[in-house]
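# Overview (structure and organization)
Okay, here's what each chain looks like letter by letter:
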Amino acid sequence: MKSNFSLLSKLLILQYLSLVCLAQDFDFFYFVQQWPGAYCDTKQSCCYPKTGKPAADFGIHGLWPNYNDGSWPSNCDPDSVFDKSQISELQSSMDKYWPSLSCPSSNGFRFWSHEWEKHGTCAESELDQREYFETALKLKEKVNLLQFLKDADIVPDDGFYSLDSISEAIEKGTGFTPGIECNKDSARNSQLYQVYVCVDTSGFNLIKCPILPRSRCDSDIQFPKF
C-alpha cells in the first residue's frame, strides 16, 4: 500500500511540474521589424515578393518567444505545421506588412511557415496559429517605427544618424529602450537593419526588455533608401 501511495505521489508531482513548465515555457516576446532598404542593400541583395515591391516601411520579421537569460526555445511542436487556411482572412495584411524579401521571389508562405514552425509553436500555450499572426499584425500597428523616426527628423535618405538619436526616437514612441541591429552594405557602412521591442507573454503589452540583443552598430549608422 505504501509503495502504491509513493508511486501515486510521484506521478502527481510530475504532472504538476509538467503543467508548470507548460504555463511558463517562455518569459517574453521579441517583436522584430526589419528595414527593407538595409535587407536589400547588401552583397546578398533581395527579391521582391510576387505581389510587387513592398512599401518603404519597416516589415515584420517575427514574434519570437524568449527567456529572460537571453536564450530562446525553437521548433517546439513538430506536429503543428503551418496551415495557410488559418490566415486566409489576414493574408492581404500579411502581404503588406510581413513581406518576404528572400530569393527566389515568393508569395510569403515559406517565410510565414518558417516563422510559425520555429517560433510560433513555442507560444502555443498563449496563442494559436491564427492568433499568433494576428497579434504580430496588431503590434505592427502599435509600433509604427517609421513614424517614430520621422517625428525626430530621421528619414530613409541614405543619411547617417547617431545610434543614440535613433534609439531615443523609438523609446519616445514606445516608452521603452529598443534593441537595434545593424548590418553592412557593400561599402561596409553600418546601416539600420532590425529593431527589437519586447512584449509580455499575452502578445499585447509592450514591456521593458529583460535583455537586449547585442548591438553590432557603429555610433553613426546609415538609414538607407528603399
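Residues numbered from 1 in each chain as written. Predicted model: local features only at pLDDT ≥ 70, side-chain atom pairs only at ≥ 80, totals over all residues. Heavy atoms only, no water.

## Describing the layout of surface pockets
How we decide: Space inside and on the surface of the protein is sampled on a 1 Å grid over the protein atoms alone, with a cavity defined as a set of points where a 1.4 Å probe fits but cannot get out and a pocket as an open set with protein on both sides within 12 Å along at least 5 of 7 lines; lining residues have an atom within 4 Å of a point. Grid points are joined across faces, edges and corners, and a volume is the space filled by probe spheres set on the points. Helix and strand definitions follow DSSP, with helices as H or I runs of at least four residues and strands as E runs of at least two, each counted in order from the N terminus. Each residue is assigned to one of three groups, with Ala, Val, Leu, Ile, Met, Phe, Trp, Tyr, Cys and Pro labelled nonpolar, Asp, Glu, Lys and Arg labelled charged, and all others, Gly among them, labelled polar.
Of the pockets and cavities examined, the largest pocket occupies roughly 390 Å³. Forming the boundary of the largest pocket are 20 residues, of which Tyr30, Trp64, Trp72, Tyr196 and Pro213 lie nearest the centre. Sorting the residues of the lining of the largest pocket by element identifies strand E2 (59–66), helix H4 (109–118) and strand E4 (179–184) as the ones contributing at least two each. At four residues, the largest contribution of residues to the lining of the largest pocket is made by E2. Residue composition of the lining of the largest pocket, by class: nine nonpolar, six polar and five charged.

## As for empty space enclosed by the protein
Evaluated as defined, the whole model comprises one cavity of 30 Å³ or more. In this structure, the largest cavity encloses a volume near 50 Å³. Considering the residues around the largest cavity, the lining is formed by Pro49, Lys50, Thr51, Asp95, Trp98, Pro99, Ser100, Ser106, Asn107, Gly108 and Trp112. Looking at side-chain class alone, the lining of the largest cavity contains four nonpolar, five polar and two charged residues.

## Points about the state of the cysteines
This is how it is decided: Criterion for a disulfide: a pair of cysteine sulfur atoms within 2.5 Å. Only protein chains enter the calculation, and the probe is 1.4 Å; a residue is then buried if its accessible area is under 20% of its type maximum, exposed if over 50%, and partly exposed in between.
The final tally for this structure, using the stated rule, is five disulfides. Here cysteine 76 connects covalently by a disulfide to cysteine 122, the sulfurs 2.0 Å from one another. Looking down the S-S bond of the cysteine 76 and cysteine 122 bridge, the torsion is 95°, so its handedness is right-handed. With cysteine 76 in the loop between E2 and helix H3 (91–97) and cysteine 122 in the loop between H4 and helix H5 (129–142), the pair connects residues that are 46 residues apart, well separated along the chain. Taking relative accessible area as the criterion, cysteine 76 reaches 40% and is therefore assigned partly exposed. Note that cysteine 182 is cross-linked by a disulfide to cysteine 217, the S-S spacing being 2.0 Å. Residues cysteine 182 and cysteine 217 are joined by a disulfide whose S-S torsion is about 105°; by sign, that bridge is right-handed. Within this pair, whereas cysteine 182 is found in strand E4, its partner cysteine 217 is found in the loop between strand E6 (206–207) and strand E7 (220–222), the two being separated by 35 residues in sequence. Since its relative accessible area comes to 9%, cysteine 182 is described here as buried. Look at cysteine 217 and you get buried, because its relative accessible area is 17%. Each bonded cysteine of the protein chain gets a number by its place in the sequence, and the pairs then read 1-2, 3-5, 4-6, 7-10, 8-9.

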